[in-house]
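Here's the letter readout for the chains.
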2 protein chains.
Amino acid sequence: MIKILVDAMGGDNAPSVTVQGSVEALANDKELHLILTGRQAEIEAELSKFKYDKSRLEIVDCPDVIDMNDIPTEAIKRKQSSLIAAYWMLKKQDDIAALVTAGSTGATIVGGQLILGRIRGIKRPALCPAIPNSRGGVTLLCDCGANAECRPEMLCQFALLASAYAEVGFGIKTPKVGLLTNGTEEHKGDPLHQETYKYLSQMNGINFIGNIEGRDIMMGDCDVAVADGFSGNIALKSMEGCGKLVLGVMKKEFSSSLSSKIGYLFMRKAIGRMRGQLDFDKVGGALLLGLKKVVIKSHGSSKAATIAASIANAAAIYRGGLIQAVENKLEGVDWK
Amino acid sequence: MIKILVDAMGGDNAPSVTVQGSVEALANDKELHLILTGRQAEIEAELSKFKYDKSRLEIVDCPDVIDMNDIPTEAIKRKQSSLIAAYWMLKKQDDIAALVTAGSTGATIVGGQLILGRIRGIKRPALCPAIPNSRGGVTLLCDCGANAECRPEMLCQFALLASAYAEVGFGIKTPKVGLLTNGTEEHKGDPLHQETYKYLSQMNGINFIGNIEGRDIMMGDCDVAVADGFSGNIALKSMEGCGKLVLGVMKKEFSSSLSSKIGYLFMRKAIGRMRGQLDFDKVGGALLLGLKKVVIKSHGSSKAATIAASIANAAAIYRGGLIQAVENKLEGVDWK
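Values in this document were obtained by computation on a predicted structure and should not be read as measured data.

K.L.:
How do you make sense of the side chain of Arg56 of chain A when you look at a structure like this?
P.N.:
All names here are of chain A. Secondary-structure assignment places Arg56 in the loop between α2 (40–47) and β3 (57–61). Of note is the side chain of Arg56, whose polar atom sits 2.9 Å from the backbone oxygen of Leu32. Apart from residues no more than four positions distant in its own chain, Arg56 is found in contact with Met1, Leu26, Asp29, Lys30, Glu31, Leu32, His33 and Leu34.

K.L.:
Please explain the sheet that holds strand β2 (residues 32–38) of chain A as it appears in this structure.
P.N.:
Paired through backbone hydrogen bonds, the strands of a sheet run either parallel or antiparallel to each other. Residues and elements named next belong to chain A. One open sheet holds the seven strands; their spatial order is β3-β2-β1-β4-β12-β11-β5, and the pairing between them is mixed. Either end of the sheet is taken by a strand with one partner, and the two such strands are β3 and β5 (126–128). The mean inter-strand angle of the sheet, taken between neighbouring strand axes irrespective of direction, is 25°. Contacting β2 and β3, α2 runs over the sheet at an angle of about 150° to β3. Packing of helix α5 (residues 105–116) onto the sheet brings it into contact with β4 (96–101), β5, β11 (286–289) and β12 (294–297), and relative to β12 it is tilted by some 165°.

K.L.:
Any chance you could explain the interface of chain B and chain A here in plain terms?
P.N.:
Buried accessible area, meaning the area lost when the parts come together, often serves as the stated size of an interface. Tallying the contact residues gives 53 residues for chain B and 53 residues for chain A. Taken over both partners, the interface formed by chain B and chain A buries close to 4,500 Å², and the fraction arising from carbon and sulfur atoms is 72%. Among the residues chain B hides against chain A, the three largest losses belong to Arg215, Phe230 and Leu245 of chain B. Together they make up 15% of the total. At the boundary of chain B and chain A, one finds four salt bridges. When contributions to the side of chain B that touches chain A are tallied by element, the ones reaching two or more residues are α7 (191–202), α8 (214–219), α9 (229–253) and α10 (258–277) of chain B. Top element by residues in the side of chain B that touches chain A is α9 of chain B. It accounts for 18 residues. Tallied by class, residues from the side of chain B that touches chain A come to 25 nonpolar, 18 polar and 10 charged.

K.L.:
What exactly am I supposed to notice about the nonpolar core here?
P.N.:
If you look at soluble globular proteins, the nonpolar side chains tend to sit buried side by side. Counting 100 residues, the largest nonpolar core has Tyr87 and Leu141 of chain A together with Tyr87 and Leu141 of chain B as the members making the most contacts within it. Excluding residues within four positions of it along the chain, Tyr87 of chain B makes contact with Leu99, Ala107, Thr108, Gly111, Gly112, Ile115, Leu116, Leu288, Leu291 and Val295 of chain B. Counting residues in hydrophobic clusters, the runner-up holds 68 residues, among them Leu36, Ala102, Ala308 and Leu322 of chain A.

K.L.:
When you look at the pattern of salt bridges in this model, what are you seeing that I'm missing?
P.N.:
Should the charged atoms of two oppositely charged side chains come close, the side chains can pair. Evaluation of the coordinates by the stated rule reveals 22 salt bridges over all chains. A salt bridge links Asp53 of chain A to Arg56 of chain A; the nearest nitrogen and oxygen atoms lie 2.9 Å apart. Of the residues examined, Arg56 of chain A reaches a relative accessible area of 7% and is grouped as buried. One salt bridge in this structure joins Lys49 of chain B and Glu46 of chain B, with 2.9 Å as the shortest N-O distance.

K.L.:
Explain the sheet that holds strand β9 (residues 207–212) of chain B here, please?
P.N.:
Residue and element names in this part refer to chain B. With mixed pairing, five strands are arranged side by side in an open sheet as β6-β7-β10-β8-β9. Strands with a single pairing partner mark the edges of an open sheet, and in this sheet they are β6 (130–132) and β9. Averaged over neighbouring strand pairs, the angle between their axes works out to 30° when direction is ignored. Bridge count between strand β8 (residues 176–180) and strand β10 (residues 224–226): three bridges; the pairing is parallel. Bridging across to β10, Leu179 finds its partner in Val226.

K.L.:
What's the story with the relation of the copies chain B and chain A in this structure? I'm lost.
P.N.:
Copy one and copy two of the chain differ by a rotation about a common axis and a shift along it. Once chain B has been moved 0.0 Å along the axis and rotated by 180°, it coincides with chain A to within an RMSD of 0.0 Å. Expressed as a symmetry operation, the mapping of one chain copy onto the other fits a two-fold axis. When C-alpha positions in chain B are compared against the rotation axis, the closest is assigned to Gly263 of chain B, at 1.9 Å. With an isologous cut-off of 70% or more, the 100% of interface residues of chain B that recur at the interface of chain A puts this contact in the isologous class.

K.L.:
Got a minute to help me understand the confidence of the model for chain A in this structure?
P.N.:
Should the pLDDT be low somewhere, the predicted coordinates at that spot are not to be read in detail. Summarising the model, chain A shows a mean pLDDT of 92, and 97% of its residues fall at 70 or more. Per the prediction output, this complex has pTM 0.92; the corresponding ipTM is 0.90.

K.L.:
Hey, could you run me through the pairing of strand β1 (residues 2–7) of chain A in this one?
P.N.:
Look at any regular strand and the pattern is simple: side chains alternate between the two faces of the sheet. All names here are of chain A. Across the six residues of β1, five count as buried, placing the element largely inside the fold. Inspection of the sheet shows β1 paired to β2 by six bridges, in the parallel sense. Bridge pairing links Asp7 to Thr37 in β2. With respect to chirality, the unit in which β1 leads through helix α1 (residues 16–28) into the neighbouring parallel β2 is right-handed. As defined by bridge partners, β1 adjoins β4 across four bridges and the pair is classed as parallel. Considered in β4, the bridge of Leu5 is made with Leu99.

About the cut-offs
Residues numbered from 1 in each chain as written. Chains lettered and ligands numbered in written order. Predicted model: local features only at pLDDT ≥ 70, side-chain atom pairs only at ≥ 80, totals over all residues. Heavy atoms only, no water. Helix = DSSP H or I, 4+ residues; strand = E, 2+ residues; numbered from the N terminus. Polar contact = N/O pair within 3.5 Å; in protein donor to acceptor, adjacent residues only side chain to side chain. Contact = heavy atoms within 4.5 Å. Pairing = 2+ DSSP bridges. Axes fitted to C-alpha atoms, helices over the stretch in contact; angles between N-to-C directions. Buried area = accessible area lost by both parts, 1.4 Å probe. Salt bridge = Lys/Arg side-chain N within 4 Å of Asp/Glu carboxyl O. Nonpolar A, V, L, I, M, F, W, Y, C, P; charged D, E, K, R; others polar. Core = buried A, V, L, I, M, F, W, Y, C linked by side-chain atoms within 4.5 Å. Buried < 20%, exposed > 50% of the residue type's maximum accessible area, 1.4 Å probe, protein only. Least-squares fit on C-alpha atoms with pLDDT ≥ 70 in both. pLDDT = per-residue confidence, 0-100. Right-handed = clockwise from strand over helix to strand, strands pointing away.

Next up, the structure:
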């Protein structure tokens, strides 16, 4: 049995999609036990629409909700919110494995640092989504927004954290690590990235292949793309914007004429697979790496299927022993 | 008559595509006069394949070539290269309007600064490509790689330069300017971007709409996206990588089954338009803004059509009076 917390009130369409996603996840994994935090009456109203195994789902009533306009450091003092209550339970109850939230990114990061806490030796947690790549696999982008300002040792730790995630979460052996800069040559980038390059070249426990450019993320030339949170966020959202444009154009063009509509009937499957390749949420949210337990931040606009995928992802990462893998890797490195 | 220099030896497939592109550009614009710099014998061999108006094309023989492995500051001392010879002519001959090159980005920037020179008052030139957006127009991304390290006043000048380009090159009145950061809120970003935000908010001559995220570039929520060259480059290449993945998947999926192949026959036009929407080169290269004359850097992998588009773009920008427009805008700003 794996116990996972779900912040039922987090995200644009909560609690309807969080509840539906939870029910789907429960059906897909008989080992799962879910604890939903949030407004009990609203959650129960949503739950009443579905059949599910009631013995594996419990609700913890939290009257308060954090929204996108709250200041994270203030918001986490309000212990009655669904996210903060979940963090306290995650910290205090040894039998709970993970937390999934589609709520405020800022509050998720701050709560992770201040309530749950970091793995010993880790300086900062980092957000790490899995980006679909042209090899049909994923490239882990770490950090993509938790740390707008970084120092070289932080980027080195991101490399280590994401390498452990690649191994445990995706079964990639000795994952290839690239440093995201503005060119592939060694001297590229600003002083932060030039210095980081030197450290990464000498570091144990990772397989550093050198600098990479933005296009290499989706081309899949490496398994882990290490980035400061500022440019990592810009990379992620630039790719999302491009994907969104493509899906929009597809929708428009494929119904633009009778001929296109007929063509669409023949190509439905192929187009469906194309859409799948651009679905940034298919692997289920971004892992908040570096914390003492597994925390997954799902997109604010997550659908039920995304929430279900995030929960399944959290379970898989827990089963794979992520935290232990990170601790093992940390032991091998002399941080000086 | 507009005289434009073409670096015939620049790019991966020079001089064949540069010569073919030049011939196409000549045919499309009867006012154009082109000067091709490079190895005369090779250029003549390529030219012999085409019919063109010989009175409007001349060749300046340059035996030397700069390649991607040359160190820019060293390479520009070799005055016999096609790019450097072109820069000297551009500087010295008042009747030459512009330069188009698909050669080394580094040498193009260094040559622009050290030979041609900057517009009075401009601190650094910036590379500015036009990105296709979901409104069917373009978003200008400035800087996308000329300056890995920036100060706030440089970013403010990029805003001004790209605004002039948007007005002159694309007829956009009071173009909307966004600052590319890791979130839309005012306090987002590192100290560089937080400080830049303050300056942009108070600046004359631009229409600042606030911070934007990576996805807003292709969504087209602004006309000008101001970026430091490091993260601007990452944004550009991340979008290119996504576009490349989509085109690759399309190619594969649309021939994956008999049904898909039949569908393709019906959808050919729609798919062609989709491809067009992802074609980053359709407007013809990135403008190197801030120099005393119009310089366009076309992709190293440019095809003949891209070179032709870059030449046409250079002519249009010259006709629009870009340099004068920049100087006018500069006069209105108190740089303190």
